[in-house]
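A structural walkthrough
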Amino acid sequence: MKKFLTLSTIIILFVISSVITVRYWSYVFSKKVSGIIVDVKHVGASMTILGSEPSSNKRSNNKDIFSYAIAIQDKEGNIETASSEDRQWAVAQVGQCAEAKYFPYPPWELSKAGTYFNAHLLHLRDCPEGMKYRKSLEPKN
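This report concerns the structure included in the present document. (Residues numbered from 1 in each chain as written. Predicted model: local features only at pLDDT ≥ 70, side-chain atom pairs only at ≥ 80, totals over all residues. Heavy atoms only, no water.)

On a plain count of helices and strands, the protein comes out with 4 helices and 5 strands. Counting from the amino terminus, helix and strand elements in the protein follow one another as α-α-β-α-α-β-β-β-β. Each of the 141 residues in the protein was classed as buried or not, and the buried ones make up 26%. (Helix = DSSP H or I, 4+ residues; strand = E, 2+ residues; numbered from the N terminus. Buried < 20%, exposed > 50% of the residue type's maximum accessible area, 1.4 Å probe, protein only.)

Attention shifts here to the sheet that holds strand S3 (residues 79–84). Strand pairs in the sheet, formed through backbone hydrogen bonds, run parallel or antiparallel to each other. The sheet built from 5 strands is open, its strands ordered S3-S2-S1-S4-S5 with antiparallel pairing. Every other strand in the sheet has two partners, leaving S3 and strand S5 (116–125) as the edge strands with one partner each. Strand-to-strand twist of the sheet, defined as the mean angle between neighbouring strand axes without regard to direction, takes the value 45°. Both strand S2 (residues 67–73) and S3 contribute to a ladder of 6 bridges, which runs antiparallel. Bridge pairing in S3 links Ala71 to Thr81. (Pairing = 2+ DSSP bridges. Axes fitted to C-alpha atoms, helices over the stretch in contact; angles between N-to-C directions.)

Scanning the entire structure with this criterion turns up 1 disulfide. At a sulfur-sulfur separation of 2.0 Å, the disulfide partner of Cys97 is Cys127. What sets the handedness of the Cys97 and Cys127 disulfide is the S-S torsion sign, and at about 120° it is right-handed. Placement of the pair is Cys97 in strand S4 (residues 97–104) and Cys127 in the segment after S5, with a sequence separation of 30 residues. For the pair Cys97 and Cys127, one class covers both residues: buried. (Disulfide = S-S within 2.5 Å.)

Attention shifts here to the pattern of salt bridges. Per the stated rule, a full pass over the model turns up 3 salt bridges. Measuring nitrogen to oxygen at the nearest pair gives 3.0 Å for the salt bridge that ties Glu80 to Lys31. Of the two residues, Glu80 sits in strand S3 while Lys31 sits in strand S1 (residues 31–43), which places them 49 residues apart along the sequence. For Glu80, a relative accessible area of 17% translates into the label buried. Its relative accessible area of 26% is what places Lys31 among the partly exposed residues. For Asp39, the salt bridge is made with Lys41, and the minimal N-O distance between the two is 3.8 Å. The class of Lys41 is partly exposed, set by a relative accessible area of 49%. (Salt bridge = Lys/Arg side-chain N within 4 Å of Asp/Glu carboxyl O.)

On the surface, a nonpolar cluster with roughly 710 Å² of combined accessible area is contributed by Ile12, Ile16, Ile20, Tyr24, Tyr27, Val28 and Phe29. Elements with a minimum of two residues in the nonpolar patch: helix H1 (2–23) and helix H2 (25–28). Here the nonpolar patch gets 3 residues from one element, more than from any other, and that element is H1. Tracing the backbone through its elements, the reader meets Val28 in helix H2. Taking relative accessible area as the criterion, Val28 reaches 47% and is therefore assigned partly exposed. (Patch = residues over 30% accessible without salt bridge, like charges linked within 9 Å, V, L, I, M, F, W, Y side chains within 5 Å. Areas by Shrake-Rupley, 256 points an atom, 1.4 Å probe, with all protein chains shown as cover.)

Dropping the structure here:
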């Protein structure tokens, strides 16, 4: 009877932890990104309306109207990108230092696996004097 209870407890704990991991995948595996904002692009309302489904005669959702694409370069020179509906990104400017939390899409969403969404702006500040993103990563004119 003791073996049965132990095995049952282990199975129940495994099922609960699996459900929590699957349900809250993005929160469990989120990461903080700190560095210099390389770019913040606002996806305009006209772009979201054109990109919406033709079968839908409704106006675009509010979250689509306030959609942003964010790129932050960390200390190692990696540029981390994400999308967001967080309106705080409207005040962020290229060259400012930011700390953000990026949430990954779960791997079972195959078309979006390995990318990040719902980037939350945690801190925004002016960068220390002399801290700039690498010139080698700037586009050449």
